[in-house]
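Residues per chain are reported as follows:
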Amino acid sequence: MTTTEQTVPTGSSKNLVAAKAAAKTPTAPKGTPTPKRANAKSKPAGAKPKFAVVEHSLKCQTSEGEVSLDLRLPLEKFEKLSELEDMTEKESLPYIRNEIMHADVRDPIMALRDGAESMELIMQWIEAVGERFGASLGKLGGSSGS
């Protein structure tokens, strides 16, 4: 039994490369399913953080979707923040909503069905505003009698 072999003369490696390239089947255009692409598993996207500051906005992941809250304040509203120091949490939340927040920040928060989630967004927003202005507002809340 005889077999035939294709031989490539030595010194013609360029011809060998060209022959291999010609023998290759063309690949499918990007996005077209191929067996390899169809079987490939996509990597799951990382979970978004619950709160993230992006430029001038606080991005909040809520049970009702993402809410974006503008962190920019005019100086006169920022100056009102100093009045929060002597307030309890019960007094400070309405003050923040009514005296400091703009309607475009307040309305999405107040539209949430979960009041606890709304309160958390207000607290995160006021903290992010303080950090943005370079002030340490501390944690809001009532002071203890001790």
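Residues numbered from 1 in each chain as written. Predicted model: local features only at pLDDT ≥ 70, side-chain atom pairs only at ≥ 80, totals over all residues. Heavy atoms only, no water.

Some details on the environment of Val54
Then, number 1: Mapped onto the elements, Val54 comes out in strand β1 (residues 51–54).
Then, number 2: Given a relative accessible area of 43%, Val54 falls into the partly exposed group.
Then, number 3: The sequence separation of Val54 and Asp70 amounts to 16 residues, and the corresponding C-alpha distance is 9.8 Å. (Helix = DSSP H or I, 4+ residues; strand = E, 2+ residues; numbered from the N terminus. Buried < 20%, exposed > 50% of the residue type's maximum accessible area, 1.4 Å probe, protein only.)

A word on the pairing of strand β3 (residues 65–70)
Then, number 1: Pairing of strand β2 (residues 57–62) with β3, which is carried by 6 bridges, proceeds in the antiparallel orientation. Directly across from Lys59, in β3, lies its bridge partner Ser68.
Then, number 2: The hairpin formed by β2 and β3 contains 2 residues between the paired strands. (Pairing = 2+ DSSP bridges.)

Describing helix α4 (residues 89–100)
Then, number 1: Along α4, the positions that sit buried rather than exposed are Ser92, Leu93, Tyr95, Ile96 and Ile100.
Then, number 2: Lining the buried residues of α4 we find α3 (75–79) and α6 (115–132). (Contact = heavy atoms within 4.5 Å.)

A word on the pairing of β2
Then, number 1: In the sheet, β1 pairs with β2 via 4 bridges, with the strands oriented antiparallel. Paired with Val53 across the bridge in β2 is Leu58.

Description of the confidence of the model for the chain
Then, number 1: In this model, the chain carries a mean pLDDT of 77, and residues with pLDDT of at least 70 account for 60%.
Then, number 2: Ignoring residues within four places in sequence, the model shows residues 141–146, a span with pLDDT below 50, making 5 contacts including any to other chains. (pLDDT = per-residue confidence, 0-100.)

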